[in-house]
Structure formats: C-alpha cells, structure tokens
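Observations on the model geometry
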Amino acid sequence: MSPKQKLTKPIRKRKATWVEPKFYADVEYRDITSEGLLRASSFKGLGTSKRRKG
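Counting starts from 1 at the beginning of each chain's written sequence and moves along it residue by residue. This being a predicted model, a pLDDT of at least 70 is required before a residue's local features are given, and a value of 80 or more before pairs of side-chain atoms are given or counted; all residues contribute to the totals for chains, interfaces and linings. With hydrogens and water excluded, all non-hydrogen atoms of the structure serve as input to the side-chain values.

**Some points on the overall build of the protein chain**
- Where helices and strands are cited, they refer to DSSP runs of H or I of at least four residues and of E of at least two residues respectively, numbered from the N terminus. Scanning the protein chain for helices and strands turns up one helix and four strands.
- The linear arrangement of helices and strands in the protein chain, starting from the amino end, is α-β-β-β-β.
- For the protein chain, with 54 residues in total, the buried portion stands at 7%.
- A separation of at least 24 residues holds for 38% of the contacts in the protein chain among residues at least 6 apart in sequence.
- Each accessible area value is a Shrake-Rupley result obtained with a 1.4 Å probe; residue values ignore everything except the protein chains displayed when judging cover. A total accessible area of about 5700 Å² is found for the protein chain, and carbon and sulfur atoms account for 52% of it. Burial here depends on accessible area, computed with a 1.4 Å probe over protein chains only, as a share of the maximum for the residue type. Under 20% is buried, over 50% is exposed, and the range in between is partly exposed. By definition, residues are in contact when any of their heavy atoms lie within 4.5 Å.

**Overview of a nonpolar patch on the surface**
- Surface patches are drawn from residues lacking salt bridges whose relative accessible area is over 30%; two like charges belong together within 9 Å, two nonpolar side chains (Val, Leu, Ile, Met, Phe, Trp, Tyr) within 5 Å. Think of a salt bridge as a Lys or Arg side-chain nitrogen and an Asp or Glu carboxyl oxygen that are within 4 Å of each other. A surface patch of nonpolar side chains, amounting to about 390 Å² of accessible area, comprises Phe23, Phe43 and Leu46.
- Here Phe43 is to be found in strand S4 (residues 42-47).
- In this structure Phe43 comes out as exposed when scored by relative accessible area, which is 56%.

This is how it looks when you write it as structure tokens:
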C-alpha cells in the first residue's frame, strides 16, 4: 500500500461541505507509521499550487 493511500481514507460525515483548496501546505516527513500518521514531520510553508515531487 502506498503512503498516499494511507493518508486519504474517505471521511463519512453527513452534512460535510467539500471545497477546493486555495492553499497547499509544504510538509517534509521522515516516515509514515503503520497507523498512517507522519513521523518527524515539519511544516515548511504555504503555497497556492501543488508541487509534484519526483
């Protein structure tokens, strides 16, 4: 299972309002735990568009 799959579990909530993001967080991390949480994460800043790494 890829890290992205662990971080994007669907949220089941009635009356939720989904919106398009205007800002994206730039975050670095060392690893993902077995629970799907980021280990040793660090917030680097905000941006207005997604950057693809790779």
